[in-house]
Amino acid sequence: MYLGLDLGTSGVKALLIDEDQSVIGSGTGTLDISRPHSGWSEQDPSHWIKATEDAVQDLKATHGKELAAVKGIGLSGQMHGATLLDAGDKVLRPCILWNDTRSHKEAAELDGDPRFRALSGNIVFPGFTAPKVVWVKNNEPEIFARLRRVLLPKDYLRLWLTGEHVSEMSDAAGTSWLDVGKRAWSSELLAATGLDTGHMPSLVEGTDVSGTLKTDLAARWGMGSNVVVAGGAGDNAASACGMGTVGEGHAFVSLGTSGVLFAASSAYLPNPESAVHTFCHALPDTWHQMGVILSATDALNWYAGITSRKPAELTGELGDQLRSPSGVTFLPYLSGERTPLNDSAIRGSFQGLEHASDRAALTQAVLEGVAFAFRDCLNALAAAGTKLDRVTAVGGGSRSTYWLKAIATALNIPIDVPADGDFGAAFGAARLGLIAAEKADPRTVCAAPATDYTIEPETRLTADFDAAYHRYHNLYPALKGVQS
């Protein structure tokens, strides 16, 4: 048996698979986000441990016997979070999360140093780890003075699980401190933020062994001795391992809290000017490019809260037949936007409202707004040299066939929907646990799932969606002018 632990923004998932990669069972633990100020997003790392305990105990309640056979654990997690520890590994302050934008000034200053784009291969986004630590240095100097170690969220879980300070390439690539081409920490970039390599965890590949599960945890969870913990991956790279998106030309679209258009590559091909992320993959000698939007299902969940309806209820009102855009346009910039705007200050908007604009019209606009944000990502990937002919759908939002039809039509490429199964980040993490424990071939283990069906673009609506996208695309500069 092999266990995947996925530390998400809203919860932790524990997923158990067997040697044939069949899913045996899963458990969950919930998390909340603290937003003490506008643009802030934080979590207490102790809550991650509690949620992980809850998830494993949930799994143990129904599959305790199978847990006893676990040989490897893989980790996946939300990226970019700044978890700051003192010399005794005590947490110094709440973790500043990936969707926190308070460090936009610090990010701009670091991005103005040409070494960052040259070595990290990416724009320094406010959501990345380095500018957050500089913000702490500038605004909480007493905390910075005590800082001895910076860990990413899943790597703080690893410290609790194994006692080791370790990260891996895919997650480290999102800090702005990694030389992504060389797959090593950059002393030069660290020094530019007042740190050195001693503040960083050691690095392994996602398929490598990073440590062994502590004996007290193994006993509490009913596991044996010598359970290895793999390097693991950041959430998107872990999802790619789960989806088999590990070879040249393979791609997926993820409809999670945030949205991702992800393409694997056998070469390091940075193009930071396009605002495309170029990161290491979880597999050795592999990289990936991705366009990222900050609010995907988060946008629908926000609208569901406003209307006091469940998201599935809202999408269900639209039926199965894809509609022509109504003229109402939604910009899903609820917490700023990454690709291609790199704008942490911009905020969302409905435009084109009229008396006839009912709840269904606004739901449709929210789904289309996210679809058009993915089209922005597709164009940015093309500018970075990556052309996609088809993608596979993953994430909670992919359960909405209507939404997938809108995305396929907006992107004008087919979307493959995998056969029933759990192929997300927790599954990818479990696969990495299997690879590390058994020294298995990564590309054999990380095979793509069978396709259940394919959603083709609805060509009858291509012209209508093109016109609606151009309205969407032209609204950003106008909104920017009003909000700036």
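See the structure printed just above.
Residues numbered from 1 in each chain as written. Predicted model: local features only at pLDDT ≥ 70, side-chain atom pairs only at ≥ 80, totals over all residues. Heavy atoms only, no water.

**Q** Just checking my understanding: could you explain the sheet that holds strand E18 (residues 277-280) for this structure?
**A** The strands that make up a sheet are held in pairs by hydrogen bonds between backbone atoms, and each pair lies either parallel or antiparallel. One open sheet holds the seven strands; their spatial order is E18-E19-E17-E16-E22-E23-E24, and the pairing between them is mixed. Among the strands making up the open sheet, the edge pair consists of E18 and strand E24 (451-455). Between one strand axis and the next, the sheet turns by 30 degrees as a mean value, whatever way the strands run. Two strands pair when backbone bridges link them, and strand E23 (residues 415-418) and E24 are joined in this way by four bridges, in the antiparallel orientation. Residue Pro 418 lies in a different strand from E24, and its bridge partner there is Thr 451. Packed onto the sheet, helix H10 (residues 235-243) meets strand E16 (251-255), strand E17 (259-265), strand E19 (287-293), strand E22 (391-394) and E23 and runs at close to 65 degrees relative to E17. (Pairing = 2+ DSSP bridges. Helix = DSSP H or I, 4+ residues; strand = E, 2+ residues; numbered from the N terminus. Axes fitted to C-alpha atoms, helices over the stretch in contact; angles between N-to-C directions. Contact = heavy atoms within 4.5 Å.)

**Q** Help me out: how do you make sense of helix H1 (residues 45-67) in this one?
**A** In an α-helix, one turn spans 3.6 residues, which is why side chains three or four residues apart end up on the same side. With 23 residues, H1 extends only 25 Å from end C-alpha to end C-alpha; this falls clearly short of the ideal 33 Å at 1.5 Å per step. Along H1, the residues classified as buried are Pro 45, Trp 48, Ile 49, Ala 51, Thr 52, Glu 53, Ala 55, Val 56, Leu 59, His 63 and Leu 67. Capping the start of H1 is the job of one residue whose side-chain oxygen sits 2.9 Å from the backbone nitrogen of Ser 46: Asp 44. (Expected span 1.5 Å × (residues − 1). Buried < 20%, exposed > 50% of the residue type's maximum accessible area, 1.4 Å probe, protein only. Polar contact = N/O pair within 3.5 Å; in protein donor to acceptor, adjacent residues only side chain to side chain.)

**Q** Where do I start with unusual backbone geometry in this structure?
**A** Peptide bonds are mostly trans, and most non-glycine residues show a negative phi. With an omega of 0 degrees, the peptide bond between Thr 339 and Pro 340 qualifies as cis. Within the secondary structure, Pro 340 sits in the loop between strand E20 (329-331) and strand E21 (349-351). For Asn 342, which is not glycine, the phi torsion reads 50 degrees and is therefore positive. Relative to the assigned elements, Asn 342 resides in the loop between E20 and E21. Look at Asn 412: it is not a glycine, yet its phi comes out positive at around 60 degrees. Following the sequence through the fold, Asn 412 ends up in the loop between helix H14 (401-411) and E23. Classification of Asn 412 as partly exposed rests on a relative accessible area of 46%.

**Q** Teacher, can you tell me more about the nonpolar core here?
**A** One recurring pattern in soluble globular proteins is that nonpolar side chains are buried together. Counting 69 residues, the largest nonpolar core has Leu 84, Val 133, Leu 147, Val 150, Trp 177 and Leu 195 as the members making the most contacts within it. Ranked by residues supplied to this core, first place goes to helix H15 (residues 425-438) with nine residues. When neighbours within four sequence positions are excluded, Trp 177 is seen to be in contact with Thr 129, Ala 130, Val 133, Val 150, Trp 185, Ser 186, Leu 189, Leu 190, Thr 193, Leu 195 and Met 200. Residues Leu 318, Leu 331, Leu 388 and Leu 461 belong to the second largest nonpolar core, which totals 58 residues. (Core = buried A, V, L, I, M, F, W, Y, C linked by side-chain atoms within 4.5 Å.)

**Q** Explain the packing of aromatic side chains here, please?
**A** Centre distance and the angle of the planes are the two values used to describe a pair of aromatic rings. For the coordinates displayed, the defined rule picks out 17 aromatic pairs. Measuring from ring centre to ring centre gives 4.8 Å for Phe 330 and Phe 350, while their planes differ by 40 degrees; the resulting arrangement is tilted. Within this pair, whereas Phe 330 is found in strand E20, its partner Phe 350 is found in strand E21, the two being separated by 20 residues in sequence. Looking at Phe 350, the relative accessible area reads 23%, which means it is partly exposed. Connected via pairs of aromatic rings, a cluster forms that spans Tyr 333, Phe 372, Phe 465, Tyr 469, Tyr 472 and Tyr 476. Arg 102 extends its terminal NZ or CZ atom over the ring of Trp 40, reaching a point 3.5 Å from the ring centre. (Phe/Tyr/Trp six-rings, centres within 6.5 Å; stacked < 30°, edge-to-face > 60°. Lys NZ or Arg CZ within 6 Å of the ring centre and 35° of its normal.)

**Q** Just checking my understanding: could you explain empty space enclosed by the protein for this structure?
**A** Where empty space is left can be seen by rolling a probe of water-molecule size over the atoms. Going through the model one piece at a time under the given rule, you end up with two cavities of 30 Å³ or more. Of the pockets and cavities examined, the largest cavity occupies roughly 70 Å³. Lining the largest cavity are 13 residues, with Thr 101, Pro 126, Gly 127, Leu 294 and Arg 338 sitting closest to its centre. Within this model, the second largest cavity holds a volume of roughly 50 Å³. (1 Å grid on protein atoms, 1.4 Å probe; cavity = no way out; pocket = protein on both sides within 12 Å on 5 of 7 lines; lining within 4 Å. Points joined across faces, edges and corners; volume = space filled by probe spheres on them.)

**Q** I tried to follow the pairing of E18 on my own but got confused; where do I start?
**A** Here is the key point about a regular strand: its side chains alternate between the two faces of the sheet. The sheet contact formed by E18 and E19 spans four bridges and is antiparallel. Within E19, the residue paired with Cys 280 across the bridge is Trp 287. Linking two consecutive strands that pair antiparallel, namely E18 and E19, is a turn of six residues; a positive phi of about 60 degrees is found at Asp 285 within it.

**Q** Even after reading the chapter, I still don't get the packing of helix H13 (residues 359-383) against H14, so can you show me in this structure?
**A** For any two helices packed against each other, the geometry comes down to the angle between their axes and how far apart the axes lie. Axis separation between H13 and H14 bottoms out at 9 Å; the angle between their running directions is 40 degrees. One way to sum up the angle between H13 and H14 is to call them oblique. Between H13 and H14 lies a crossing whose hand is right-handed. On H14, the residues touching Gln 364, Leu 367, Val 370, Ala 371, Phe 372, Phe 374, Arg 375 and Leu 378 of H13 are Tyr 402, Trp 403, Ala 406, Ile 407, Ala 410 and Leu 411. Split into classes, the residues belonging to the contact of H13 with H14 amount to twelve nonpolar, one polar and one charged. (Parallel < 35°, antiparallel > 145°, perpendicular 65-115°, else oblique. Left-handed = near helix turned anticlockwise from the far one by under 90°. Nonpolar A, V, L, I, M, F, W, Y, C, P; charged D, E, K, R; others polar.)

**Q** So what exactly am I meant to see when it comes to the pairing of strand E3 (residues 23-30) here?
**A** In terms of strand pairing, strand E2 (residues 11-17) meets E3 through seven bridges, oriented antiparallel. Opposite Val 12, over in E3, you have Gly 29 as the bridge partner. Hairpin geometry of E2 and E3 is characterised by an intervening segment of five residues between the two adjacent antiparallel strands and by a positive phi of about 65 degrees at Gln 21.

**Q** I would appreciate a short explanation of the side chain of Thr 409 in the present structure.
**A** Note on placement: Thr 409 falls in helix H14. Contact partners of Thr 409, with chain neighbours within four places excluded, come to Leu 322, Pro 457, Glu 458, Leu 461 and Phe 465.

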